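Residues per chain, in single letters:
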Amino acid sequence: RFPHPASGRARRRRRRCWGKVAQGTGSLGCPVGTMLAAGVRRFATSALRRSHYEEGPGKNLPFSVENKWRLLGVMCAFFGSGFVAPFVIVRHQLLKK
């Protein structure tokens with residue numbers, strides 16, 4: 001006998017695994033993708049718990065914000081190079097023979 005599709009027993013069976021005899025199933029009859037996803041989820045959670053890093057403003061940036069004058073120089077060089085590049089390229093093209 002099969003349980004009624006809306007009964008709790010049928011829902012539990014469906015939630016536990018998608019098919020009993022299917023190609024590409026694991027040892028419990030559940031799809032391999034489901035087992036793989038569960039392993040990835042467990043690993044990602046434990047990796048996040050193990051990670052330790054400094055917290056606070058400016059600690060997650062790839063440059064230092066401790067010295068404001070050095071930061072000003074780095075930002076001027078970074079944004080200035082992007083602003084000046086088209087003018088230098090046009091000048092180079094105009095001076096070519």
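Look up a bit, the structure's there.
All figures in this text were calculated on a predicted structure; none of them were measured in a lab.

Regarding the overall build of the protein
Helices and strands together make up the secondary structure of the protein, namely three helices and zero strands. Each helix and strand of the protein, ordered N terminal to C terminal, gives the series α-α-α. A burial count over the protein gives 7% of its 97 residues as buried.

Looking at the pattern of salt bridges
A full pass over the atoms with the stated rule returns one salt bridge. The shortest N-O distance in the salt bridge between Lys59 and Glu66 comes to 3.9 Å.

With respect to a nonpolar patch on the surface
On the surface, Phe83, Val84, Phe87 and Val88 cluster together into a nonpolar patch covering about 430 Å² of accessible area. Overall, Phe87 belongs to the exposed group, its relative accessible area being 54%.

Structural notes on the packing of aromatic side chains
By the definition in use, this model includes two aromatic pairs. Judged by centre distance (5.1 Å) and plane angle (80°), the rings of Phe78 and Phe79 are edge-to-face. Across the pair, exposure class does not vary: Phe78 and Phe79 are exposed alike. Where Phe83 meets Phe87, the ring centres are 5.6 Å apart and the plane angle is 55°; that geometry is what we call tilted. On the criterion of helical spacing, the pair formed by Phe83 and Phe87 is a turn pair, its members being four residues apart in helix α3 (residues 68-95). Like Phe87, Phe83 is exposed.

Basis of the calculations
Residues numbered from 1 in each chain as written. Predicted model: local features only at pLDDT ≥ 70, side-chain atom pairs only at ≥ 80, totals over all residues. Heavy atoms only, no water. Helix = DSSP H or I, 4+ residues; strand = E, 2+ residues; numbered from the N terminus. Buried < 20%, exposed > 50% of the residue type's maximum accessible area, 1.4 Å probe, protein only. Salt bridge = Lys/Arg side-chain N within 4 Å of Asp/Glu carboxyl O. Patch = residues over 30% accessible without salt bridge, like charges linked within 9 Å, V, L, I, M, F, W, Y side chains within 5 Å. Areas by Shrake-Rupley, 256 points an atom, 1.4 Å probe, with all protein chains shown as cover. Phe/Tyr/Trp six-rings, centres within 6.5 Å; stacked < 30°, edge-to-face > 60°.

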